[in-house]
Every structure is written in C-alpha cells, then in structure tokens.
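# Architecture at a glance
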Amino acid sequence: MSWQNEKQLKEVLGMLHASLRGDNEQQMKVYKKLQQLRGNQEFNQYLAFIISSMKKEPEQIRQQAGLLLKNNIHESYERMDPKVRNYIKLKVLQTIGDESKKIRKTIGHIVTTAASKDKLKGWQPVLKELLKMLESNKYEHVDGAFNALCKICEDEPERLDSQDLGRPLNTMLPLFIKFFV
C-alpha cells in the first residue's frame, strides 16, 4: 500500500503493546497519543491492517486495534476519505473468517458500526459476500458472517427492509432459517 510506512506501523504497534502494560503513567501517555492520532486517516488504515493482516501479533493487540478502529469509525466515519472506507471494507471482509473467535466478533462490530454509519448505502456488495460466506464449508467463515449479519439485523432492521436497498432482508431471512430448521 502506498500509505504504509514501516516506521509508523511499528510506532502504532509499539503504542498498542505499551497500552497493555501495568504502568499507569505509560498508559496515560499512550492514551493521549492515540487520541491525537484518531483523526489521522492513515492511523485507521494501520489499525485495519493490524487486525486483519498481522496474524503473528498477539490476539489482544489485534483485538485492541479493531476496537480502536470501531471507535474511530463511530466518531468520525463521515469525515473519512472514501479510499480509507473502502480499505476498511476490504480488510474486514478478509478477516471475517479469522481463526480467533474474539477477532471475528470484533470484526463483526466494525462491520456493523461502519455499515450503520453509512446507513447501509454502499454495503450491498459486503452484505452479499457475507451471505455467500454463510454457505461456506469453513466454520470460521460461517460464524464470522453470521455474527456480523446478526449485529446488522439488530442495528438496522428498517433499512434492511427498505425498498431503496432492494430489501436485503428478503434474501437474508431464508438463509437464517436454514440454521434453525
């Protein structure tokens, strides 16, 4: 990626690691630095990259990156560059079937937060991909997709039934019913 800088990536990772140490003074410094970075477009891309692509990092670090990303999306999604939004969509789709249940759940929260902020507009391809994953032979893909779709259904039931979006709920419900019959 043209935005990626190895030095900055290491700096973000270092802050995530430092934030988990028991030193309150260090945690406060890291917290202030993370707050400063929240508005930085590249910071959100690093967080998406860490949770999705840095599988050798401890689960707790990846999950923390995801939770920070979710919070940043909640706070400033409307101000994010469309390229950053698309990068996040790409990375969450790549990670929805992660081996770690905690990471899958965190990715589900990211998907739901971003899709809700977008009022589901532009998320039809993602929804279609999640629905395809429900028919996967891999448990992790099914679990991750189902988790994300359930959260979207909880948060956006009216929009999922809207004519403007082509009533995606009509496609989703029959697939969901298969899991309970």
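Summarised in this report is the structure supplied together with it. (Residues numbered from 1 in each chain as written. Predicted model: local features only at pLDDT ≥ 70, side-chain atom pairs only at ≥ 80, totals over all residues. Heavy atoms only, no water.)

## Some details on the overall build of the protein
Selection rule: Segments assigned H or I by DSSP are reported as helices when at least four residues long, segments assigned E as strands when at least two residues long, and all are numbered from the N terminus. Only C-alpha atoms enter the radius of gyration; for comparison, a globular chain is expected to reach 2.2 Å times N to the power 0.38, where N is the number of residues. Residue burial is assigned from relative accessible area. The probe radius is 1.4 Å, only protein chains are included, and a residue is buried under 20% of its type maximum, exposed over 50%, and partly exposed in between. Whether two residues touch is decided by their heavy atoms; if any such pair falls within 4.5 Å, the residues are in contact. Methods summary: accessible areas were calculated by the Shrake-Rupley approach with a probe of 1.4 Å, and residue burial reflects only the protein chains presented. A residue counts as positive if it is Lys or Arg and as negative if it is Asp or Glu; His and the chain ends are not included. Charge placement uses NZ in Lys and CZ in Arg. For Asp and Glu, CG and CD serve respectively.
Assigned secondary structure in the protein consists of 10 helices and 0 strands. The order of helices and strands in the protein, counted from the N terminus, is α-α-α-α-α-α-α-α-α-α. A compact globule built from 181 residues would reach a C-alpha radius of gyration of about 16 Å, and the protein, at 17 Å, matches this within 12%. Taken over the C-alpha atoms alone, the protein extends approximately 50 × 30 × 30 Å along its principal axes. When the 181 residues of the protein are sorted by exposure, 48% land in the buried category. Long-range contacts, defined as pairs at least 24 residues apart, comprise 66% of the intrachain contacts of the protein with a sequence gap of at least 6. With the model as given, the accessible surface of the protein reaches about 10,000 Å², and the carbon-plus-sulfur share is 51%. Each charge class in the protein can be summarised by its mean position, and for the 30 positive and 23 negative side chains these summaries are 2 Å apart.

## Section: the pattern of salt bridges
Defined as follows: Salt bridge criterion: a side-chain nitrogen from Lys or Arg within 4 Å of a carboxyl oxygen from Asp or Glu.
The full count for this structure, using the stated rule, is 12 salt bridges. Close ionic contact of E25 with K29 constitutes a salt bridge, the shortest N to O distance being 3.9 Å. Note that E25 and K29 are positioned in helix α2 (residues 24-37) at a spacing of 4 residues, about one turn of the helix. For the pair formed by E25 and K29, the shared burial category is exposed.

## Digging into the packing of helix α7 (residues 124-133) against helix α8 (residues 139-155)
We count it as follows: Working convention: axes come from line fits to C-alpha atoms, limited for helices to the stretch in contact. Angles between N-to-C directions cover 0 to 180 degrees. Comment on the angle field: the value is read as roughly parallel under 35 degrees, roughly antiparallel over 145, roughly perpendicular from 65 to 115, and oblique elsewhere. Working rule for handedness: look at the near helix, and if it is turned counterclockwise from the far one by less than a right angle, call the crossing left-handed; if clockwise, right-handed. Residues were grouped as follows: Ala, Val, Leu, Ile, Met, Phe, Trp, Tyr, Cys and Pro as nonpolar; Asp, Glu, Lys and Arg as charged; and all remaining residues, including Gly, as polar.
Between α7 and α8, whose axes approach to 8 Å, the crossing angle comes to 135°. One way to sum up the angle between α7 and α8 is to call them oblique. Here α7 runs over α8; the crossing is left-handed. In contact with L127, L130, L131 and M133 of α7, α8 contributes H141, V142, A145, A148, L149 and I152. A class-by-class count of the residues in the contact of α7 with α8 yields 9 nonpolar, 1 polar and no charged.

## Quick notes on the nonpolar core
Selection rule: What makes a nonpolar core is a set of buried Ala, Val, Leu, Ile, Met, Phe, Trp, Tyr and Cys residues whose side-chain atoms join them at distances within 4.5 Å.
Counting residues in each nonpolar core, the largest one holds 55 residues, and the members touching the most others are I50, I88, V111 and L130. The element that contributes the greatest number of residues to this core is helix α3 (residues 41-53), accounting for 7 residues. When residues no more than four places from it in sequence are discounted, the contact partners of I50 are L9, V12, L13, L16, I61, R62 and A65.

## Brief notes about unusual backbone geometry
Positioned with a positive phi, L120 is a non-glycine residue whose angle comes to about 65°. Taking relative accessible area as the criterion, L120 reaches 1% and is therefore assigned buried. Positive phi, normally seen in glycine, also occurs at R167, with a value near 50°. Along the chain, R167 falls in the loop between α9 (157-160) and α10 (168-178).

These figures capture arrangement, not role.
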